[in-house]
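# Architecture and fold: a report
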There are 2 protein chains.
Amino acid sequence: MLKVPDHQVAGHKAGGGRLGPLVDDSGRFYKPLQGDERGANEVSFYTSFSSNTKIPDHITRFFPKFDGTQLVEASDGTGMQPHLVLQDLTFDRVNPSIMDIKIGSRTWPPHAPEDYVQKCLKKDRETSSLPLGFRVSGARIFQSTKSGYWEPENKSSIQTLSADEVKLLLKNFVSSNASEVSHMKPDCAFASTVYGGSTGILSQLLELKAWFEDQTSYHFYSCSVLMMFEKELASCGKSPRAEIKLVDFAHVHEGKGVIDHNFLGGLCSFIKFISEILTTPEDCAADSLLEDAQKSHIYSDNGSV
Amino acid sequence: MLKVPDHQVAGHKAGGGRLGPLVDDSGRFYKPLQGDERGANEVSFYTSFSSNTKIPDHITRFFPKFDGTQLVEASDGTGMQPHLVLQDLTFDRVNPSIMDIKIGSRTWPPHAPEDYVQKCLKKDRETSSLPLGFRVSGARIFQSTKSGYWEPENKSSIQTLSADEVKLLLKNFVSSNASEVSHMKPDCAFASTVYGGSTGILSQLLELKAWFEDQTSYHFYSCSVLMMFEKELASCGKSPRAEIKLVDFAHVHEGKGVIDHNFLGGLCSFIKFISEILTTPEDCAADSLLEDAQKSHIYSDNGSV
């Protein structure tokens, strides 16, 4: 029996008669094929990538496993529709904290139709994409069994964060106290185990970066890095199972012998944010951040992050 | 006595009553201040950069030395005009080969006036900037005392090269035979000494890259990497004095805590081109390149590169 996923942070959501992805109880994620060329393009990327023997194993692990396409009952009640069958990335996770970061200052490929270019360019200029080289497109931060999750009040506010606001959000993502009182300084209690260490987020991002410095097969427009970990594991001294995955390949194009300098530039910018949190932990308690938090339009009065 | 420089490959040129840079006989380069805010912006960049104690020495060496501004007799006959006093980068060089590569897929800063954005965006889309992350904006390749220099027939053709054409140009830049017959395969005779080695171009580019992965002070829009060496030194087994310099800072803006992901992405793309020539030298003799050379619109019948 397919159901609506619990932990989706970005993209179209199923439920209430809308079309969206579904999951089963054995770890599969069913993503409806977008009707236009985007659906076909995503299938063709997964097909190419999953049969590409030049991709090393330490890189394929950053991509969801692909199991072809399948007709399943669509969530919007339109009957059997084609879906991508992918790995459910949060299948065996308990209360995962998740962020979705759309990488690249430019979300449109060079030869896209003009109206699409203009639409994307407008959004890139209005959001953090142009100044930062990426934009946060979703976040779901576990606070406690009692308080549940923090989520941004509206989708567009999180896409337009300033550099300081992104830094604060990334600190809150790995803090133990972020959930309790809105004006408490994030303690970055889990920064060293989630972002740091030989298997942490930073280390994984650097592996991905090294591949992007070299690979000239694919250009990933409008693709996201998903960042996940489990706070309750971290709280009791266990490995928080920090992990990154790339998702959303409806706008992947052939690299034609050139590296994906747009994705790589944005990835390096994101890496710099993460590494600054690790190298200057004292900042976590800086008063300026507190002020930022209070001023910020995404941090509401009702507390949480 | 000031004179028109011998080795300028891009930008406005003096001579014939036009305004352009001048050089003296003691190694100084006088660049007229552009009348609008660009001139003031370039002065303020040089002033800030030259007094910035956080820039390590191994990075400042990639920038022309700056000696303030000075009123000198302008080349267009308009009398005494303000000029930037800079280092003449080719002052003590004999028959230097030079390439000017404008780095970044985007030459406009986020908050530029709309007409400027549209003008730059159009050019970025029409040239190699968008697909490659950089565009060649000038080249002057020494062939021999007898044949002199190869230069592109017109400025715009060199800015619109495909990936394969750029690769070929970069090979010809370091080849001993490129000058003789147009349909000869570039032998890349000087690739290992010019591009390779611990003091070669690639090594310098990688040092620059490491700085760009970290620095958040400046964003360099529409700035170029100049690449120089002396073929005659290379031919007789001496060090070819391969060197990169950054030039053109009229569109540098504050980084505001974010890395220059646009410049960094383009730089990494350029680095990949150079490193491919070093790692796959056998390609230099590939027939496909020969065919490219013959088809290419920048390689004219009258021979040379």
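What you see is a predicted model, and the numbers here were worked out from it, not measured in a lab. (Residues numbered from 1 in each chain as written. Chains lettered and ligands numbered in written order. Predicted model: local features only at pLDDT ≥ 70, side-chain atom pairs only at ≥ 80, totals over all residues. Heavy atoms only, no water.)

What follows deals with the overall build of chain A. Helix and strand counts for chain A stand at 11 helices and 11 strands. Per-residue burial for chain A yields a buried fraction of 57% across its 305 residues. (Helix = DSSP H or I, 4+ residues; strand = E, 2+ residues; numbered from the N terminus. Buried < 20%, exposed > 50% of the residue type's maximum accessible area, 1.4 Å probe, protein only.)

For the coordinates displayed, the defined rule picks out zero disulfides over all chains. Cysteine B:Cys120 remains unbridged, with the sulfur of B:Cys223 as its closest cysteine sulfur at 14 Å. Unpaired in this structure, B:Cys268 has its nearest cysteine sulfur neighbour in A:Cys268, at a distance of 5.7 Å. (Disulfide = S-S within 2.5 Å.)

Glancing now at helix α3 (residues 114–126) of chain B. Between the first and last C-alpha of α3(B) there are 18 Å, a value that for 13 residues agrees with the 18 Å anticipated at 1.5 Å per step. At its buried positions, α3(B) is contacted by α3 (114–126) of chain A together with α4 (129–132) and β6 (134–144) of chain B. (Expected span 1.5 Å × (residues − 1). Contact = heavy atoms within 4.5 Å.)

Attention now moves to the packing of helix α8 (residues 201–212) of chain A against helix α10 (residues 261–279) of chain A. Residues and elements named next belong to chain A. Packing of α8 against α10 brings their axes to within 10 Å, and their N-to-C directions diverge by 155 degrees. In this view, α8 runs roughly antiparallel relative to α10, as classed from their interaxial angle. Pair α8 / α10 crosses with left-handed handedness. Between α8 and α10, the residues in contact are Leu202, Leu205, Leu206, Leu208, Lys209 and Phe212 and Phe263, Leu264, Leu267, Cys268, Phe270, Ile271, Ile274, Ser275 and Leu278, respectively. (Axes fitted to C-alpha atoms, helices over the stretch in contact; angles between N-to-C directions. Parallel < 35°, antiparallel > 145°, perpendicular 65-115°, else oblique. Left-handed = near helix turned anticlockwise from the far one by under 90°.)

Superposition of chain A onto chain B requires a rotation of 180 degrees combined with a translation of 0.0 Å along the rotation axis, giving an RMSD of 0.0 Å. What the superposition gives is, in effect, a two-fold axis relating one chain to the other. Of every C-alpha in chain A, the one belonging to A:Gly265 sits nearest the axis of rotation, 2.1 Å from it. Interface overlap between copies is the fraction of interface residues in one copy that are interface residues in the other; for chain A against chain B it reaches 100%, indicating a shared surface. (Least-squares fit on C-alpha atoms with pLDDT ≥ 70 in both.)

This brings us to the environment of A:Glu73. All names here are of chain A. Within the secondary structure, Glu73 sits in strand β3 (residues 66–73). Placed 25 residues apart in sequence, Glu73 and Ser48 show a C-alpha to C-alpha distance of 26 Å. Residues in contact with Glu73, not counting those within four places in the same chain, are Leu22, Gly79 and Met80.

Core analysis: the largest hydrophobic core is formed by 126 residues, its most contacted members being A:Tyr195, A:Phe220, A:Met227, B:Tyr195, B:Phe220 and B:Met227. Contact partners of B:Met227, with chain neighbours within four places excluded, come to B:Ser97, B:Ile98, B:Met99, B:Ile101, B:Leu170, B:Phe173, B:Tyr195, B:Ile201, B:Glu243, B:Ile244, B:Phe270 and B:Ile274. Residues B:Trp108, B:Ala112, B:Cys120 and B:Leu130 belong to the second largest nonpolar core, which totals 13 residues. (Core = buried A, V, L, I, M, F, W, Y, C linked by side-chain atoms within 4.5 Å.)

Take the sheet that holds strand β6 (residues 134–144) of chain A next. All names here are of chain A. Spatially, the five strands line up as an open sheet ordered β7-β6-β5-β9-β10, and their pairing is antiparallel. The open sheet has two edge strands, β7 (148–150) and β10 (243–247), and neither has a second partner. Averaged over all neighbouring strand pairs, the angle between strand axes comes to 20 degrees, with direction disregarded. Against the sheet, helix α6 (residues 163–173) makes contact with β5 (96–103), β6, β7 and β9 (224–230), and its axis sits at roughly 30 degrees relative to β6, the strand it touches most. Strand contacts of α8: β9 and β10, with the helix running at about 40 degrees to β10, the strand carrying the most contacts. (Pairing = 2+ DSSP bridges.)

What follows covers the sheet that holds strand β10 (residues 243–247) of chain B. All names here are of chain B. Spatially, the five strands line up as an open sheet ordered β7-β6-β5-β9-β10, and their pairing is antiparallel. Edge positions in the sheet fall to β7 (148–150) and β10, since each of these pairs with one other strand and no more. Within this sheet the neighbouring strands show an average axis-to-axis angle of 20 degrees, counted without direction. Of the strand pairs in this sheet, β6 and β7 are connected by three bridges, and their pairing is antiparallel. Residue pairing in the sheet places Phe142 in a bridge with Tyr149 of β7.

Counted by the stated rule, this structure contains 50 aromatic pairs over all chains. Residues B:Phe63 and B:Phe249 carry aromatic rings whose centres are separated by 5.5 Å and whose planes lie at 25 degrees to one another, so their mutual orientation is stacked. Highlighted residues: B:Phe63 in the loop between α2 (57–60) and β3 (66–73) and B:Phe249 in the loop between β10 and β11 (252–254), separated in sequence by 186 residues. Here B:Phe63 falls in the buried class, since its relative accessible area comes to 4%. Its relative accessible area of 0% is what places B:Phe249 among the buried residues. Here the aromatic residues A:Phe45, A:Tyr46, A:Phe49, A:Phe63, A:Phe66, A:Trp211, A:Phe212, A:Tyr218, A:Phe220, A:Phe249 and A:Phe263 are joined through ring pairs into a cluster of three or more. Cation over ring: A:Arg106 sits above A:Trp108, and NZ or CZ is 5.3 Å from the ring centre. Positioned above the aromatic ring of B:Tyr149, the side-chain terminus of B:Arg140 is 3.8 Å from the ring centre. (Phe/Tyr/Trp six-rings, centres within 6.5 Å; stacked < 30°, edge-to-face > 60°. Lys NZ or Arg CZ within 6 Å of the ring centre and 35° of its normal.)

Glancing now at the interface of chain A and chain B. Residue-level contacts link 30 residues of chain A with 30 residues of chain B. Contact between chain A and chain B buries roughly 2300 Å² in total, counting both sides, with carbon and sulfur atoms accounting for 58%. On inspection of chain A and its partner chain B, the count reaches six salt bridges. A:Glu114 is paired through a salt bridge with B:Arg125; the nearest N and O atoms lie 2.9 Å apart. The tally of links between chain A and chain B comes to 13 residue pairs in polar contact (both at pLDDT 80 or more). Secondary-structure elements contributing two or more residues to the side of chain A that touches chain B are α3, α4 (129–132) and α10 of chain A. With eight residues, α10(A) is the single largest residue contributor to the side of chain A that touches chain B. Across the side of chain A that touches chain B, the residue classes break down as 13 nonpolar, nine polar and eight charged. (Buried area = accessible area lost by both parts, 1.4 Å probe. Salt bridge = Lys/Arg side-chain N within 4 Å of Asp/Glu carboxyl O. Polar contact = N/O pair within 3.5 Å; in protein donor to acceptor, adjacent residues only side chain to side chain. Nonpolar A, V, L, I, M, F, W, Y, C, P; charged D, E, K, R; others polar.)

This next bit is on the pattern of salt bridges. Going through the model one piece at a time under the given rule, you end up with 40 salt bridges over all chains. Across the pair A:Asp24 and A:Arg28 runs a salt bridge, and its minimum N-O distance is 3.2 Å. Given the relative accessible area of 33%, A:Arg28 is considered partly exposed. For B:Lys167, the salt bridge goes to B:Glu276, with nearest N and O atoms at 3.1 Å. Residue B:Lys167 is located in helix α6 (residues 163–173), and its partner B:Glu276 is located in helix α10 (residues 261–279); the two are separated by 109 residues in the primary sequence. Each member of the salt-bridge network shares a partner with another, and the members are A:Asp92, A:Arg93, A:Glu230, A:Arg241, A:Glu243 and A:Lys245.

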